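Architecture and fold: a report
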Number of protein chains: 2
Amino acid sequence: MTKVLLIDDEVRFARALAISLRARGYDVDTATTGEEGLEQAAHGHPDVIVLDLGLPGIDGLDVLRGLRGWTTVPVIVLSARHGEPSKVDALDAGADDYVTKPFGMDELLARLRALLRRAAPADDEPRVTTDDFTLDLAAKTAAAADGTPVHLTPREWGVVEVLVRNEGKLVSQKQLLQDVWGPQYERETDYLRVYLAAVRRKLEPDSSRPKYFITEPGMGYRFQSGR
Amino acid sequence: MTKVLLIDDEVRFARALAISLRARGYDVDTATTGEEGLEQAAHGHPDVIVLDLGLPGIDGLDVLRGLRGWTTVPVIVLSARHGEPSKVDALDAGADDYVTKPFGMDELLARLRALLRRAAPADDEPRVTTDDFTLDLAAKTAAAADGTPVHLTPREWGVVEVLVRNEGKLVSQKQLLQDVWGPQYERETDYLRVYLAAVRRKLEPDSSRPKYFITEPGMGYRFQSGR
DNA sequence: CTGCCCCGTTAAGGCGCCGTGAAGATCCTT
DNA sequence: AAGGATCTTCACGGCGCCTTAACGGGGCAG
């Protein structure tokens, strides 16, 4: 299900929007401050973010920049300001769209659809098969070669998913930590050692000699399916 | 260069916009009817299309649908109509953005930038191939001519990456040390000798007679891909 | 011819990084 | 409130990478 993160301090408006979104089959997270928004963005992995610029505390643009430091998730900015400079600033700070209040709910939803259509293109096979196991990224299920299901915890899935989506490519420790745990965890390399060990124990035929989840010392990790 | 196709029948407006775009380094094609626009879209391979809905003849929405039948090129729709239904229709017909006239030129340009940023992350392969080896800088993989993988350590990758990104150009020892080891190491020329030797041993067919990683005595090093 | 500078080569030492097991903390369900 | 599953934190041992040093060769100038 598509998950929308809504960052807005106007509770009444946010609630109305959340209801509209849920009625149309979206999953909705909400945050009422910039800090909370950044936190939830890292934690909840939304598919799109709706960000109101008129937040108390942190400036909305700083929230946007904080997001863009580590993620390319699509962002629609809402604002009561009509001034053109603020539009340009927001768009150049990394926003994908900018909607001025007041606006029609239907328009916002249409812009959401347009953005999701663009940003989530040809979702090719979220399915990976090797000689020793099968992964279905969409269904979040894993199975050994003989078909017996393998259970992975959420963190383990996070690690596996990032690596598999970058099959063959090296994923730096920093990027892996940012994608799975969030931007403020980029130094916790301990986690990676522990979770790579867990993933290997569950998926590799010989976890002491990994075939699929390869360590590149000092750089990061790599998933390779064949060979 | 980024090419913009501008489909608009208001000649004065189109001309002004074209001038603004060209001044900012875009390549601009123009069309004044829907038919011409479809023709040019097929013929000119634009990177983004700006489409005015208020065209004579063919309805603007039909132009949009005609485009979406065969291409996913980003489209920004312009319109004088303020009605919300038309926005929703256009966005659902495949438009990526919808701007209502009158609007500021800066806003349109900012929306153009945002859209291009999202739609064209088509990072062309950062891949280098020679007769004796291939390098994939993004994936951080190296392979010999016969396909057998070659393992490079982080420092070795650092050296190779700086030299390859400056293909053909001389890179001074100081710059190489600063880029790979950091500014405080700019005098440690010992490192370069050791690591160039390692890189050559792993990549050059005859490491005693380098073809690719050339020493310029007293100055620095150079990577050349052919000959 | 000879001394110097610069570069290539090799090897050894030490340290940082990684894998592993386990225990405490935290979250979630019953 | 209790129990299990999951996440975080820590310490230890081993291996690979980085650093450092020593030696030899080639080019150049005196």
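Residues numbered from 1 in each chain as written. Chains lettered and ligands numbered in written order. Predicted model: local features only at pLDDT ≥ 70, side-chain atom pairs only at ≥ 80, totals over all residues. Heavy atoms only, no water.

This next bit is on the side chain of Thr130(A). Residue and element names in this part refer to chain A. Mapped onto the fold, Thr-130 is located in the loop between strand E6 (127–129) and strand E7 (133–136). Assessed through its relative accessible area of 11%, Thr-130 is described here as buried. If near-sequence neighbours (up to four positions away) are discounted, Thr-130 is found in contact with Tyr-212, Phe-223 and Ser-225. (Helix = DSSP H or I, 4+ residues; strand = E, 2+ residues; numbered from the N terminus. Buried < 20%, exposed > 50% of the residue type's maximum accessible area, 1.4 Å probe, protein only. Contact = heavy atoms within 4.5 Å.)

Right, let's get into the pattern of salt bridges. Overall, the coordinates contain 40 salt bridges over all chains when judged by the stated rule. Its salt-bridge partner being Asp96(A), residue Arg68(A) comes within 3.2 Å of it at the nearest N-O pair. Here Arg68(A) is found in helix H3 (residues 60–68), whereas its partner Asp96(A) is found in the loop between helix H4 (84–92) and strand E5 (97–100), with 28 residues between them in sequence. By relative accessible area, which is 11% here, Asp96(A) ends up buried. When salt bridges that share partners are traced, they join Lys87(A), Asp97(A), Glu107(A), Arg111(A), Lys87(B), Asp97(B), Glu107(B) and Arg111(B) into one network. (Salt bridge = Lys/Arg side-chain N within 4 Å of Asp/Glu carboxyl O.)

Our next topic: the protein's contact with DNA strand D. Surveying the vicinity of DNA strand D reveals 18 residues, the closest of which are His151(A), Thr153(A), Tyr191(A), Trp181(B) and Tyr191(B). Take the atoms of DNA strand D that sit within 4 Å of the protein: sugar and phosphate atoms are 79% of them. Between His151(A) and DNA strand D, the recorded distance is 2.6 Å, taken from a side-chain N or O atom to a phosphate oxygen. Separating a phosphate oxygen of DNA strand D from a side-chain N or O atom of Tyr191(B) is a distance of 2.6 Å. Secondary structure elements with two or more residues in the surface near DNA strand D: helix H6 (154–165) and helix H8 (189–203) of chain A together with helix H6 (154–165) and helix H8 (189–203) of chain B. Take the surface near DNA strand D: its biggest share by element is four residues, from H8(A). (Near = heavy atom within 4 Å. Polar contact = N/O pair within 3.5 Å; in protein donor to acceptor, adjacent residues only side chain to side chain.)

This part takes up the protein's contact with DNA strand C. As a structural note, the neighbourhood of DNA strand C is formed by 18 residues, with Arg200(A), Thr215(A), Arg200(B), Thr215(B) and Gly218(B) the closest of them. Atoms of DNA strand C within 4 Å of the protein belong to the sugar or the phosphate in 57% of instances, the rest to bases. Between DNA strand C and the protein, one listed contact pairs a phosphate oxygen with a side-chain N or O atom of Gln173(B) at 3.4 Å. Thr215(B) has a polar side-chain atom sitting 2.5 Å from a phosphate oxygen of DNA strand C. When contributions to the surface near DNA strand C are tallied by element, the ones reaching two or more residues are H8 of chain A together with H8 of chain B. No other element matches H8(B), which puts four residues into the surface near DNA strand C. Split by residue class, the surface near DNA strand C holds six nonpolar, eight polar and four charged. (Nonpolar A, V, L, I, M, F, W, Y, C, P; charged D, E, K, R; others polar.)

Here we take up the interface of chain B and chain A. The interface is formed by 32 residues belonging to chain B together with 33 residues belonging to chain A. Together, the buried faces of chain B and chain A total about 2600 Å²; carbon and sulfur atoms form 46% of this surface. Counting across the interface, chain B meets chain A through eight salt bridges. For Arg118(B), the salt bridge is made with Asp96(A), and the minimal N-O distance between the two is 2.9 Å. Viewed at the interface, chain A and chain B are joined by 21 residue pairs in polar contact (both at pLDDT 80 or more). Those elements giving two or more residues to the side of chain B that touches chain A turn out to be helix H4 (84–92), strand E5 (97–100), helix H5 (105–119) and H6 of chain B. Its residues assigned to classes, the side of chain B that touches chain A shows 14 nonpolar, five polar and 13 charged. (Buried area = accessible area lost by both parts, 1.4 Å probe.)

With that settled, consider unusual backbone geometry. Residues and elements named next belong to chain A. At the junction of Lys-101 and Pro-102, the peptide bond is cis and its omega measures out at -5 degrees in the coordinates. Locating Pro-102 in the fold gives a position in the loop between E5 and helix H5 (105–119). Here His-45, not a glycine, exhibits a phi torsion of approximately 50 degrees, which is positive. Locating His-45 in the fold gives a position in the loop between helix H2 (34–44) and strand E3 (48–52). Judged by relative accessible area, which is 42%, His-45 ranks as partly exposed.

So, about the pairing of strand E8 (residues 141–144) of chain B. Residue and element names in this part refer to chain B. Across four bridges, strand E7 (residues 133–136) lies against E8 in antiparallel orientation. Counted as the bridge partner of Leu-135 is Ala-142 from E8. Linkage of E7 to E8, two consecutive antiparallel strands, is achieved through a turn of four residues, within which Lys-140 is found at a positive phi near 55 degrees. The pairing of E8 with strand E9 (residues 149–150) spans two bridges and is classified as antiparallel. The partner of Ala-142 across the bridge, within E9, is Val-150. (Pairing = 2+ DSSP bridges.)

Right, let's talk about the domain arrangement of chain A for a bit. All names here are of chain A. On domain assignment, one finds that chain A holds domain 1 (3–118) and domain 2 (127–223). For domain 1 versus domain 2, the distance between C-alpha centres works out to 31 Å. Listed per partner, the contact involves four residues of domain 1 and six residues of domain 2. For the pair domain 1 and domain 2, the summed buried surface comes to about 450 Å²; carbon and sulfur atoms form 50% of the total. For the domain 1 face of the interface with domain 2, the top three residues by lost area are Ala-42, His-45 and Trp-70, together amounting to 81%. Our count for the domain 1 to domain 2 interface comes out at zero salt bridges. Linking domain 1 to domain 2 there are one residue pair in polar contact (both at pLDDT 80 or more). Grouping the amino acids of the side of domain 1 that touches domain 2 by side-chain chemistry returns two nonpolar, one polar and one charged. (Domains from an automatic or database assignment.)

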